[in-house]
Amino acid sequence: MGQSPKGEKDLKGQPFLNALKGPASSHVWRSLMWSKDLLAHGSRKLVFNGRSTSFWNDRWLGDQCLKELCNGPSSSFDDSKLVSDYVTENGGWDWENLR
């Protein structure tokens, strides 16, 4: 039975791209950490049902999150909103909630 790379157990359910390299990381884990920057560049978050995708803070539409793309006071953004908060039961956009 193989061992998981040092650090993998430290993810605690967090996405791989949020993982950090520790001082005692294995060669495999250090290699994975080196490659995560390559993976992150140009990667997109898959939305599926939108229940785990932050509407304003995740990069689900392009290279930047919506919060970075919109002009205006940042206090007007509700950081707790998910993509699913703006989708109707039929799968369309809830335009009233988006205003």
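Residues numbered from 1 in each chain as written. Predicted model: local features only at pLDDT ≥ 70, side-chain atom pairs only at ≥ 80, totals over all residues. Heavy atoms only, no water.

## So, the overall build of the protein
Point 1. Counting secondary structure elements, the protein contains three helices and zero strands.
Point 2. Taken from N to C terminus, the helices and strands of the protein fall in the order α-α-α.
Point 3. Relative to its 99 residues, the protein shows a buried fraction of 22%.
Point 4. A separation threshold of at least 6 residues defines the contact pool for the protein, and within that pool the share at least 24 residues apart is 26%.
Point 5. Total accessible area computed for the protein in this model is approximately 7700 Å², and 53% of it derives from carbon and sulfur atoms. (Helix = DSSP H or I, 4+ residues; strand = E, 2+ residues; numbered from the N terminus. Buried < 20%, exposed > 50% of the residue type's maximum accessible area, 1.4 Å probe, protein only. Contact = heavy atoms within 4.5 Å. Areas by Shrake-Rupley, 256 points an atom, 1.4 Å probe, with all protein chains shown as cover.)

## Some words on unusual backbone geometry
Point 1. In this structure, phenylalanine 48 takes a positive phi of about 50° despite not being glycine.
Point 2. Along the chain, the position of phenylalanine 48 falls in the loop between α1 (27-40) and α2 (66-69).

## Overview of the pattern of salt bridges
Side chains that differ in charge, positive against negative, can pair when their charged atoms come close.
Point 1. One pass over the full model with this rule turns up one salt bridge.
Point 2. Between aspartate 79 and lysine 67 there is a salt bridge, with the nearest N and O atoms lying 2.9 Å from each other. Taken together, the residues span a long stretch of sequence, with aspartate 79 in the loop between α2 and α3 (95-98) and lysine 67 in helix α2 at a distance of 12 residues. (Salt bridge = Lys/Arg side-chain N within 4 Å of Asp/Glu carboxyl O.)

## A closer look at a nonpolar patch on the surface
Point 1. Together, Val87, Trp93 and Trp95 make up an exposed nonpolar region whose accessible area comes to about 310 Å².
Point 2. Locating tryptophan 95 in the fold gives a position in helix α3.
Point 3. Relative accessible area serves as the criterion here: at 55%, tryptophan 95 is assigned to the exposed category. (Patch = residues over 30% accessible without salt bridge, like charges linked within 9 Å, V, L, I, M, F, W, Y side chains within 5 Å.)

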